[in-house]
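One letter stands for each residue in the lines below.
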Amino acid sequence: MAFDLPTAAGFHIARATESVITKAMGAFGCPQPKESQRNWGVYIKALEDAGASATLVHHLRQLKDLHRNPLIHPEVTLTQLEAQQLWSMCTSAMIAMITEIDSHGASQSV
């Protein structure tokens with residue numbers, strides 16, 4: 001965003017969010033999907049099946065359906081405001097995942 005490249009910034013924050021999703025999957029003991037099955041839909045379903053909160057699953061699905069999936073199409077571009085909004089939503093989702101990873105780990109050690 002600092003270089004006035006809002007679409008690129010949106011793409012990269014979505015990739016960062018995906019990285020945290022895969023870390024959360026590991027923390028929840030989700031099986032690693034086959035390479036052909038590596039997508040947010042599969043990841044979110046795995047987290048849901050592993051006991052991630054309904055709130056987190058809902059937010060991740062919204063990010064996927066309303067923001068991340070459309071963004072991968074070349075004709076879609078973001079304004080600075082849209083990139084800032086996506087940045088905020090993804091940051092919030094990452095914090096929620098980290099919180100769940102921490103609480104899941106604490107409940108596992110009891």
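Look a little higher up for the structure.
Residues numbered from 1 in each chain as written. Predicted model: local features only at pLDDT ≥ 70, side-chain atom pairs only at ≥ 80, totals over all residues. Heavy atoms only, no water.

Describing the packing of helix α1 (residues 6-27) against helix α2 (residues 40-49)
Their axes nearest at 10 Å, the elements α1 and α2 cross at an angle of 35°. By crossing handedness, the relation of α1 to α2 is classed as left-handed. Counted together, A14, T17, E18, I21, T22, A24 and M25 of α1 and W40, Y43, A46 and L47 of α2 form the full contact between these two elements. (Axes fitted to C-alpha atoms, helices over the stretch in contact; angles between N-to-C directions. Helix = DSSP H or I, 4+ residues; strand = E, 2+ residues; numbered from the N terminus. Left-handed = near helix turned anticlockwise from the far one by under 90°. Contact = heavy atoms within 4.5 Å.)

Digging into the pattern of salt bridges
Evaluation of the coordinates by the stated rule reveals four salt bridges. Note that K45 is salt-bridged to D49, the shortest N-O span being 2.9 Å. In this pair, K45 and D49 both sit in helix α2, four residues apart, roughly one turn of the helix. E48 is paired through a salt bridge with R61; the nearest N and O atoms lie 2.8 Å apart. Taken together, the residues E48 in helix α2 and R61 in helix α3 (residues 54-71) connect sequence positions 13 residues apart. Judged by relative accessible area, which is 34%, E48 ranks as partly exposed. (Salt bridge = Lys/Arg side-chain N within 4 Å of Asp/Glu carboxyl O. Buried < 20%, exposed > 50% of the residue type's maximum accessible area, 1.4 Å probe, protein only.)

A look at the environment of T77
Tracing the backbone shows T77 in the loop between α3 and α4 (80-109). Sequence separation of T77 and C90 is 13 residues, and the distance between their C-alpha atoms is 17 Å. Ignoring sequence-local partners within four residues, the contact set of T77 consists of T7 and E82.

Observations concerning unusual backbone geometry
The phi torsion at D4 lies on the positive side, around 60°, for a residue other than glycine. Within the secondary structure, D4 sits in the segment before α1.

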